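Analysis of the macromolecular model
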Amino acid sequence: MAAELGRGAASARAALAGNPSDGYGGAVLAVTLPGYQARASARFAARLDISPPSELVSAAALRFARRHATEAANAAIEWTTSIPRGVGLGGSSAIVISVLRALCELCEVTLTRTELAELALAVEVQELGIAAGLQDRVAQSYGGLTFMDFAAGSGGYETLDPALLPPVVVAWRADAGGASHEVHAPLRVRYERGEPAVLSGLEELASLARGARTALLAGDFHQLARCVDRSFDQRQRMLALDPRHVEMVRCARACGAAANYAGSGGAIVAVCESGDHRRNAARELARLDCGTFALPPGLGLAGPTS
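A brief report on the enclosed structure follows.

So, how was this worked out
Residues numbered from 1 in each chain as written. Predicted model: local features only at pLDDT ≥ 70, side-chain atom pairs only at ≥ 80, totals over all residues. Heavy atoms only, no water. Buried < 20%, exposed > 50% of the residue type's maximum accessible area, 1.4 Å probe, protein only. Helix = DSSP H or I, 4+ residues; strand = E, 2+ residues; numbered from the N terminus. Pairing = 2+ DSSP bridges. Salt bridge = Lys/Arg side-chain N within 4 Å of Asp/Glu carboxyl O. Expected span 1.5 Å × (residues − 1). Contact = heavy atoms within 4.5 Å. Core = buried A, V, L, I, M, F, W, Y, C linked by side-chain atoms within 4.5 Å. Phe/Tyr/Trp six-rings, centres within 6.5 Å; stacked < 30°, edge-to-face > 60°. Lys NZ or Arg CZ within 6 Å of the ring centre and 35° of its normal.

Before going further, it helps to spend a moment on the pairing of strand 1 (residues 6-17). Counting buried positions along strand 1 yields ten of twelve residues, so the element is predominantly enclosed. Bridging between strand 1 and strand 2 (residues 27-44) involves eleven bridges; their strand directions are antiparallel. Paired with R7 across the strands is S41, a residue of strand 2.

As structure tokens, then:
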């Protein structure tokens, strides 16, 4: 017998190194931020009813209905999110995954974490024509600290102990957001044209993600910081960046942190040597009117600092 109510949730995510090579057979190291989540509930109804109205949620429900449970086309779905929108923290993919999880529970459908990530990507790419890669969806489906290697196709995913992470600050400016597909769509065109700077840049980013994983496992903070910093530097060589985003990276680096884009919407991630170092970086970033989220050493899972 189907459940009377299904619930689902998914957290924001921040990439540390390698992004945005995930859509090109690359690799990414990322961590989820459980202090910021999308949540959804679903129950059966006379027709599909989305509250608040959302093209994204509707597309998720209809894709799920076609592929897994036709009864999901008649569901009342309520959703909410605390993830800052349009700043590159995986806000849209978190909404999709939370809805899919709610529908899985409602319709008693079991999906593996990889299947859930691939379904979430299909919702945005195939249903809505949004340029995106698997990274966000895999990171949010697996949760915690995840290394993703896409060189041999999907499935090269490894869950790592968040205690391996040094102190980390994620920062964003609400007034400097932008849709990530506005970055991904032209990058895809340039990649398909075979631009040497893009091809070599994406290959280097994948190498940096793999290097970051090795450094984490070895407890080598300086090598990890190098991989984080060089991921940003490589992005800057390939893409035109918003000066406000660059200012956040420079601010974090001036505090002695390594810094990179957390996604492609403008949020950044700063990797620090100690808790005191992290607090200093968060304080200086707040002076730029940034919201911040801190991951303390040894835990990887904290809450907002502002």
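This is not the end of the story, as more comes after the structure.
This paragraph deals with the pattern of salt bridges. As enumerated under the stated definition, the model contains 16 salt bridges in all. The closest approach of N and O atoms between R230 and E204, which form a salt bridge, is 2.5 Å. Linking R230 in helix 7 (residues 221-238) with E204 in helix 6 (residues 196-218), this pair joins segments that are 26 residues apart in sequence. R230 sits in the partly exposed class, given a relative accessible area of 28%. We classify E204 as partly exposed; its relative accessible area is 21%. Residue R244 is joined to D242 by a salt bridge in which the shortest nitrogen-to-oxygen separation is 2.7 Å. By sharing partners, the salt bridges in this structure join R63, R66 and E127 into a single network.

With 23 residues, helix 6 should cover 33 Å at 1.5 Å per step; its first-to-last C-alpha distance of 33 Å lies within 8% of that length. Where helix 6 is concerned, the buried positions are V198, G201, L202, L205, A206, L208, A209, G211, A212, A215 and L216. Positive backbone phi, approximately 70°, marks G219, located one or two places after helix 6.

Quick look at the environment of A259 now. Residue placement: A259 occurs in strand 8 (residues 258-261). Setting aside residues up to four positions removed in sequence, A259 forms contacts with V228, D229, F232, V249, A252, R253, V269 and A270.

Moving on: unusual backbone geometry. Working note: non-glycine residues mostly have negative phi, and peptide bonds are mostly trans. Cis geometry is found at the peptide bond from N19 to P20, where omega equals 10°. Going from S51 to P52, the amide bond is cis rather than trans, its omega being -5°. With respect to the helices and strands, the residue P52 is situated in the loop between strand 3 (49-51) and helix 1 (55-67). The backbone of E108 shows a phi angle near 55°, a positive value even though the residue is not glycine. Of note, E108 is situated in the loop between helix 2 (91-107) and helix 3 (113-127). The class for E108 is exposed, based on a relative accessible area of 51%. A positive phi is found at D289, a non-glycine position, where the angle reads about 65°.

Our next topic: the nonpolar core. Formed by 71 residues in total, the largest nonpolar core has its most connected members in L33, F64, I77, L89, L103 and V170. For this core, the element with the highest residue contribution is helix 2, accounting for eleven residues. Contacts of L103, omitting those with residues within four sequence positions, involve A42, A61, F64, A72, A75, I77 and E108. If you look at the next biggest cluster of nonpolar residues, it comprises 28 residues, including Y24, L202, L241 and C272.

Let us now look at the packing of aromatic side chains. Each aromatic ring pair is specified by the distance between its two centres and by the angle formed by the two planes. The tally for this structure, following the rule as stated, stands at six aromatic pairs. Look at Y142 and Y157: their rings are 5.6 Å apart centre to centre, the planes differ by 80°, and that puts the pair in the edge-to-face class. Of this pair, Y142 sits in helix 4 (residues 135-142) while Y157 is found in strand 6 (residues 156-160), placing the two residues 15 residues apart along the sequence. Exposure class is identical for Y142 and Y157. Each is buried. One aromatic cluster is present, formed by Y36, W172 and F293 through successive ring pairs. Directly above the aromatic system of F147 lies the positively charged group of R213, at a separation of 5.8 Å from the ring centroid.

Below, the discussion takes up the environment of L160. Residue position: L160 is located in strand 6. For L160 and V31, which are 129 residues apart along the polypeptide, the C-alpha to C-alpha distance reads 9.6 Å. If sequence neighbours within four positions are ignored, L160 has contacts with L29, L145, F147, R213, L216 and L217.

The subject of this paragraph is helix 4. In terms of burial, helix 4 is largely enclosed, as eight of its eight residues are buried. Three or more residues of helix 4 are buried, namely Q135, D136, R137, V138, A139, Q140, S141 and Y142. Contacts made by the buried residues of helix 4 are with strand 1, strand 2, helix 2, helix 3, strand 5 (145-149) and strand 6. Two residues or fewer after helix 4 comes G143, characterised by a positive phi angle close to 75°.

Just geometry here; none of it tells us what the structure is for.
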